[in-house]
Amino acid sequence: MTATIHIGTMATAKADAIVVFVPQEEKAFKATMKDIESSVPHVGPLVASGDFKGKKNSTVVAYGGSSMASPRLILAGLGNSAEVTVESLRRSAAAAAKRAASVEATTCAFVLPSVESLSVGDRAQAIVEAALLSQYRFDKYRTVRESLGTLVSKVILVTDKASQKDAKAALDTALAIVEGTTLARDLANAPNNEIYPESLAKRALDAGKKSGFKVTVLDKRRIEALKMGGLLGVNKGSARPPVFIEMSYMGGKKTDKPVVLVGKGVTFDTGGISIKPSAGMSDMKGDMHGAASVIGTMYTVAKLKLPINLVALVPATDNMPSGTAIVPGDILTFMNGKTAEIDNTDAEGRLILADALCYADRFKPKTVIDLATLTGAIVIALGSVTTGMMGTDNETMSKLRAASERTSEYVCELPLHEEYEEQISSDYADIKNSGGRMAGSITAGLFLKHFVTYPWVHLDIAGTALLPKPTAYHPKGGSGVGVRLLVDMLRNW
Ligand code: BES
Ligand code: MN
Ligand code: ZN
């Protein structure tokens, strides 16, 4: 994937297709269409037909002949100018890129539209980000490729000299974000026979080399020495050893406390002895999306050389049933000495996160944000649109809310009232790992809170990480959620 700038017009940019955005309200619509017609006379009959009205996300393909350097012109409706937002622009750009791909364009130019309420940078970033993200496909295992169709892999932003500098900066930001998000999607979509703890660590190492962050992989011996009883407990049923991945990027001052990210890295969740039903179990290859999100975020932050200190931690194991697996009633002791009774072996995410949250303490973090496909309950509550947010750090939660507004990676807070605590009380250990069906996402959050000694936010991405169907610029499956949200928050930190 690449993106470049062309200083010129819809007539001079050379691509397989060039997109011109058209607003819907009458005056602006007519003026824009007149403009287009004056440089591309061939669109006369199309304009006269009235078939294209500038409606949001509508597109039409026209052919400009010798008056254009590109063989195809795509008109893309913006809807009413006054209502254009950075998100509606993303969706319009994604619709246009999909239309371009449908006519086998692999290079697609976009004329930067003038939208009063949005800066040049916001517009440029929105278009590049959404156009490229809409072209993602997890197809590496498809050996018969003729029927797959082509995708747009190169975006050209067409603008003027005055906007060049801002557009270029936004384009570079967008590219780094698209790469980080694509990495997260690839990791989440890969099956368990490709991504298991040790191969996940290898992929983190590769990403670190490519963009410039440090990666240390703790093997089973080190994990044992650290007494990470949660991670080791979940791993007991497995034929494959666990890993604990530590990543760091120190772009800030030496004295700046780091932000620490933690990502759930369950590379496959069968449920263990409390085994899941077989229908839909393959989705659980994506139960390491939290890990994928934090690796993708590290990649983008390092690529952008942000002036911050960032650490990311990934406890990784699969959750398998076997003769050596943990069973309900077992009691595990975590790194900080606390104990938990296993009520349900399928509530495994919180067990491995508990140790990672204990480990995070050594960084004296400014805040810790964990991302985890943690509960089915959050899917019931918020669907695939909104991530569940809980925590003790109101300041960081406000920052996440602001980033959520800007990126449209929505978050919504759920309360951690102590009244819910009794649901996870145990007769034999400090706590138990399942609080039953009621408020399942909150009791999972409260479980994690037992291991936190610093300001903390928990993001339950079970619904937003693994999409049941494609949306404007997300494919079905791994969405890459978290990368755009966290990078936006950290850029504005
Ligand atoms: N990985 C699952 C949660 C999940 C469900 C993620 C659907 C993505 C889509 C998690 O480990 C799990 O199994 N949670 C249990 C907890 C319960 C046993 C307390 C759940 O939500 O059912
Ligand atoms: Mn589970
Ligand atoms: Zn799980």
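Because the structure is predicted, anything quoted here is derived from the model rather than measured. (Residues numbered from 1 in each chain as written. Chains lettered and ligands numbered in written order. Predicted model: local features only at pLDDT ≥ 70, side-chain atom pairs only at ≥ 80, totals over all residues. Heavy atoms only, no water.)

Participant: Can you break down the sheet that holds strand β13 (residues 339–341) residue by residue, with the values?
Facilitator: Strands sit in the order β12-β13-β17 across an open sheet of three strands; the sheet is mixed. Of all strands in the sheet, those bounded by a partner on one side alone are β12 (331–333) and β17 (431–432). Of the strand pairs in this sheet, β12 and β13 are connected by three bridges, and their pairing is antiparallel. Counted as the bridge partner of I331 is E341 from β13. (Pairing = 2+ DSSP bridges. Helix = DSSP H or I, 4+ residues; strand = E, 2+ residues; numbered from the N terminus.)

Participant: Help me get a handle on unusual backbone geometry, residues and values and all.
Facilitator: Its identity as a non-glycine residue notwithstanding, K305 has a phi of 50 degrees, on the positive side. Inspection of the secondary structure puts K305 in the loop between α9 (289–303) and β11 (309–319). The phi angle at A439 is positive, at roughly 50 degrees, despite the residue not being glycine. For A439, the position within the fold is in the loop between β17 and α13 (440–449).

Participant: Quick one: what's the story with the layout of surface pockets, residue by residue and with numbers?
Facilitator: The calculated volume of the largest pocket comes to roughly 1,200 Å³. Every residue lining the largest pocket is counted, 44 residues in all, and those nearest its centre are K276, M284, T375, G376 and V379. For the lining of the largest pocket, the leading source of residues is helix α11 (residues 376–382), giving four residues. Each residue belonging to the lining of the largest pocket can be placed in one class, and the counts come to 14 nonpolar, 18 polar and twelve charged. Both domains that furnish three or more residues to the lining of the largest pocket are identified here as domain 1 (2–160) and domain 2 (179–491). (1 Å grid on protein atoms, 1.4 Å probe; cavity = no way out; pocket = protein on both sides within 12 Å on 5 of 7 lines; lining within 4 Å. Points joined across faces, edges and corners; volume = space filled by probe spheres on them. Nonpolar A, V, L, I, M, F, W, Y, C, P; charged D, E, K, R; others polar. Domains from an automatic or database assignment.)

Participant: Tell me what's going on with the packing of aromatic side chains, and back it up with residues and numbers.
Facilitator: This model, assessed by the stated rule, comprises eight aromatic pairs. With centroids separated by 6.2 Å and ring planes inclined at 75 degrees, the aromatic side chains of F334 and F447 adopt a geometry described as edge-to-face. With F334 in the loop between β12 and β13 and F447 in helix α13, this residue pair connects regions lying 113 residues apart in the sequence. Exposure class is identical for F334 and F447. Each is buried. For the ring pair F447 and F451, a centre distance of 5.6 Å and an interplane angle of 40 degrees mean the geometry is tilted. Pair check on accessibility: F447 and F451 agree, each one buried. One aromatic cluster in this structure is built from F244, Y359 and F363. Here the guanidinium or amino end of R240 rests over the ring plane of Y196, the centre of that ring lying 4.1 Å away. Between K399 and the ring centre of W493, over which it is positioned, the NZ or CZ distance is 4.3 Å. (Phe/Tyr/Trp six-rings, centres within 6.5 Å; stacked < 30°, edge-to-face > 60°. Buried < 20%, exposed > 50% of the residue type's maximum accessible area, 1.4 Å probe, protein only. Lys NZ or Arg CZ within 6 Å of the ring centre and 35° of its normal.)

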